[in-house]
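# Observations on chain architecture
The primary structure of each chain is shown beneath.
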Amino acid sequence: IAGITQAPTSQILAAGRRMTLRCTQDMRHNAMYWYRQDLGLGLRLIHYSNTAGTTGKGEVPDGYSVSRANTDDFPLTLASAVPSQTSVYFCASSDWSGANVLTFGAGSRLTVL
Amino acid sequence: QQQVKQSPQSLIVQKGGISIINCAYENTAFDYFPWYQQFPGKGPALLIAIRPDVSEKKEGRFTISFNKSAKQFSLHIMDSQPGDSATYFCAASLYSGGGADGLTFGKGTHLIIQP
């Protein structure tokens, strides 16, 4: 089934540890995004990539980094996790050839202790 | 910063009633207004969308009403059912080619339909 695969589904992490959330899409979409979802704050954009090889900062980029080496993969790295990064993280993608519709993954729940 | 203001934050409706969620946007360049539906434990998924050349779009029990002059749009769920219980996000964007630069989400509405 075409779509977005995120891993891990859930993770508990000690503060200060490094963590990479993986995201892979098989739809050949140009753009990919990382959002975090927190109660009362909605979906906040962390980083995005409009095409392979380019990335940009969203609303809340501090403490996170991304790379886009190819069309399909868009990993999100927390270099040194802090408790405020406890959240549910969603990867999404969209295709510029049509309406700007986002396809979301199922999310990765991260708890930083 | 471009904003989309969504209200209410939470909403409880009796089964069979009408659920109404409202959004207002600022950037007049936006020309695509989707609504996303998110069930617990899942990612958001496109529910219905409208472009500003029409004032209303209906798909089954779901209707978007759009007021271009007021820069407002709303989602109406007719004959609301317990299975409609979810979080709903409105968004405003450029129709195509905008990528992340032209996409803004509202903060979401947690809808509960009571049996």
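For the structure itself, consult the block above.
Since the structure is predicted, the reported quantities are computational estimates derived from the model, not experimental observations.

### Concerning the packing of aromatic side chains
As enumerated under the stated definition, the model contains 15 aromatic pairs over all chains in all. By the ring-pair criterion, three or more aromatic residues cluster together here, those being Tyr33(A), Tyr35(A), Phe90(A), Phe104(A), Tyr36(B), Phe89(B) and Phe105(B).

### Focus: the side chain of Ser49(A)
Residues and elements named next belong to chain A. Secondary-structure assignment places Ser49 in strand 5 (residues 42–49). Reaching out from Ser49, the side chain makes a polar contact with the backbone oxygen of Thr51 at a distance of 2.8 Å. Polar contacts involving the side chain of Ser49 include one to the main-chain carbonyl oxygen of Thr54, which spans 2.5 Å.

### Brief notes about the nonpolar core
Among the nonpolar cores identified, the biggest contains 24 residues, and Tyr25(B), Phe33(B), Trp35(B), Phe73(B), Leu75(B) and Tyr88(B) are the most heavily contacted of them. Contributions of two or more residues to this core are made by strand 2 (10–14), strand 3 (19–25), strand 4 (33–38), strand 5 (45–50), strand 7 (62–67), strand 8 (72–77), strand 9 (86–93) and strand 11 (109–114) of chain B. The leading source of residues in this core is strand 9 of chain B, at four residues. Contacts of Phe73(B), omitting those with residues within four sequence positions, involve Ile21(B), Asn22(B), Cys23(B), Tyr25(B), Phe33(B), Trp35(B), Ser65(B), Phe66(B), Cys90(B) and Ala91(B). One finds Cys23(A), Met32(A), Leu76(A) and Ala81(A) within the second-largest nonpolar core, a separate group that totals 18 residues.

Criteria and cut-off values
Residues numbered from 1 in each chain as written. Chains lettered and ligands numbered in written order. Predicted model: local features only at pLDDT ≥ 70, side-chain atom pairs only at ≥ 80, totals over all residues. Heavy atoms only, no water. Phe/Tyr/Trp six-rings, centres within 6.5 Å; stacked < 30°, edge-to-face > 60°. Helix = DSSP H or I, 4+ residues; strand = E, 2+ residues; numbered from the N terminus. Polar contact = N/O pair within 3.5 Å; in protein donor to acceptor, adjacent residues only side chain to side chain. Core = buried A, V, L, I, M, F, W, Y, C linked by side-chain atoms within 4.5 Å. Buried < 20%, exposed > 50% of the residue type's maximum accessible area, 1.4 Å probe, protein only. Contact = heavy atoms within 4.5 Å.

So far we have only geometry, and geometry alone does not tell us how the molecule works.
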